[in-house]
Amino acid sequence: MHSREPPGPRPDEAARMLAAADHASTRMITTSDSSRSFGLVVVALMATIISLKDVASGTTLLWLAALFVPLTVWQATRTRKRSKRRPLLDGSGTYGLYAFAGMVIVQCLLLWNAQSGWEIGAKWIVSCTVLCSLFARMQEALDKDRVNDGNRLSV
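Residues numbered from 1 in each chain as written. Predicted model: local features only at pLDDT ≥ 70, side-chain atom pairs only at ≥ 80, totals over all residues. Heavy atoms only, no water.

Caption draft 1: Local environment of the overall build of the protein chain. Helix and strand content of the protein chain: six helices and zero strands. Order of helices (α) and strands (β) in the protein chain, N terminus to C terminus: α-α-α-α-α-α. Taking all 155 residues of the protein chain together, 24% fall into the buried category. Only carbon and sulfur atoms are counted for the fraction: they give 67% of the accessible area of the protein chain, which is about 10,900 Å². (Helix = DSSP H or I, 4+ residues; strand = E, 2+ residues; numbered from the N terminus. Buried < 20%, exposed > 50% of the residue type's maximum accessible area, 1.4 Å probe, protein only. Areas by Shrake-Rupley, 256 points an atom, 1.4 Å probe, with all protein chains shown as cover.)

Encoded structure:
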């Protein structure tokens, strides 16, 4: 008597199938999340408000902050027909750490008093660079947590 192995994919086919499943789950997550362009516009608007805080009037800053309303409406209409994201069951805490770092950095940027044009430009460049990198890392951490959570639930 010889034992027969149950039929299944060969190792190279299994590896290809696993890679395809990983690619499909990553693609699904990136298409269901907010776009990078939306994040970039939000970060640029936040950097502008932070940079002009010391030289612009309160009314001007309020009108700039009011631009978040059409941005939110635009994002809501873009994502209206997409599949709804399932809430994470267990996050890694990396996203929260980046969010906390973002709050601390914004507070530090608010302490920077920029009065001349060069200082305002430098503050805007630093604000945009730091907030963009934090936003990208937060998005990566959230995507990674979603993939890991989905993989854990499928087992």
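Caption draft 2: Inspection of the packing of helix 2 (residues 36-52) against helix 4 (residues 68-79) at higher detail. As a packed pair, helix 2 and helix 4 sit with axes 11 Å apart at the nearest point and diverge in direction by 170°. On the basis of their axis angle, the class for helix 2 and helix 4 is roughly antiparallel. Contacts between helix 2 and helix 4 involve Ser 37, Phe 38, Val 41, Val 42, Leu 45, Met 46 and Ile 49 from the former and Phe 68, Leu 71, Trp 74 and Gln 75 from the latter. Tallied by class, residues from the contact of helix 2 with helix 4 come to nine nonpolar, two polar and no charged. (Axes fitted to C-alpha atoms, helices over the stretch in contact; angles between N-to-C directions. Parallel < 35°, antiparallel > 145°, perpendicular 65-115°, else oblique. Contact = heavy atoms within 4.5 Å. Nonpolar A, V, L, I, M, F, W, Y, C, P; charged D, E, K, R; others polar.)

Caption draft 3: Structural context of the packing of aromatic side chains. The tally for this structure, following the rule as stated, stands at one aromatic pair. A cation over a ring is seen here: Arg 78 above Trp 74, with NZ or CZ 5.1 Å from the ring centre. (Phe/Tyr/Trp six-rings, centres within 6.5 Å; stacked < 30°, edge-to-face > 60°. Lys NZ or Arg CZ within 6 Å of the ring centre and 35° of its normal.)

Caption draft 4: Structural view of the side chain of Ser 127. In this fold, Ser 127 is placed in helix 6 (residues 117-154). Residues contacting Ser 127, with those up to four places away along its chain left out, are Ala 47, Ile 50, Ser 51 and Leu 109.

Caption draft 5: Structural view of the environment of Val 126. For Val 126, the position within the fold is in helix 6. Residue classification places Val 126 among the partly exposed residues on the basis of a relative accessible area of 35%. Distance in space between the C-alpha atoms of Val 126 and Leu 109 is 8.9 Å, their sequence separation being 17 residues. Ignoring any residue separated from it by four or fewer positions in sequence, one finds Val 126 in contact with Leu 109 and Trp 112.

Caption draft 6: Here's a closer look at the environment of Leu 45. With respect to the element layout, Leu 45 can be found in helix 2. On a C-alpha basis, the gap between Leu 45 and Trp 124 in space is 9.9 Å, while along the polypeptide they are 79 residues apart. In contact with Leu 45, other than residues within four places in its own chain, are Leu 64, Leu 67, Phe 68 and Leu 71.

Caption draft 7: Up close: the pattern of salt bridges. Considering all chains together, one arrives at two salt bridges under this definition. For the salt bridge of Lys 123 with Asp 54, the shortest nitrogen-to-oxygen distance reads 3.8 Å. In this pair, Lys 123 sits in helix 6 while Asp 54 sits in the loop between helix 2 and helix 3 (58-65), placing the two residues 69 residues apart along the sequence. By relative accessible area, Asp 54 is classed as partly exposed at 22%. (Salt bridge = Lys/Arg side-chain N within 4 Å of Asp/Glu carboxyl O.)

Caption draft 8: Spotlight on helix 5 (residues 94-111). Spanning 18 residues, helix 5 covers 26 Å between terminal C-alpha atoms, matching the ideal 26 Å at 1.5 Å per step. Within the span of helix 5, buried status applies to Gly 102, Val 106 and Leu 109. Projected onto a plane normal to the axis of helix 5, the buried residues spread over an arc of 65° and lie on a single side. Exposed residues pointing more than 90 degrees away from the buried face of helix 5 are listed as Leu 97, Phe 100, Met 103, Cys 108 and Leu 111. (Expected span 1.5 Å × (residues − 1). Arc of directions from axis to C-beta.)

Note that all results are geometric; they support no functional claim without further evidence.
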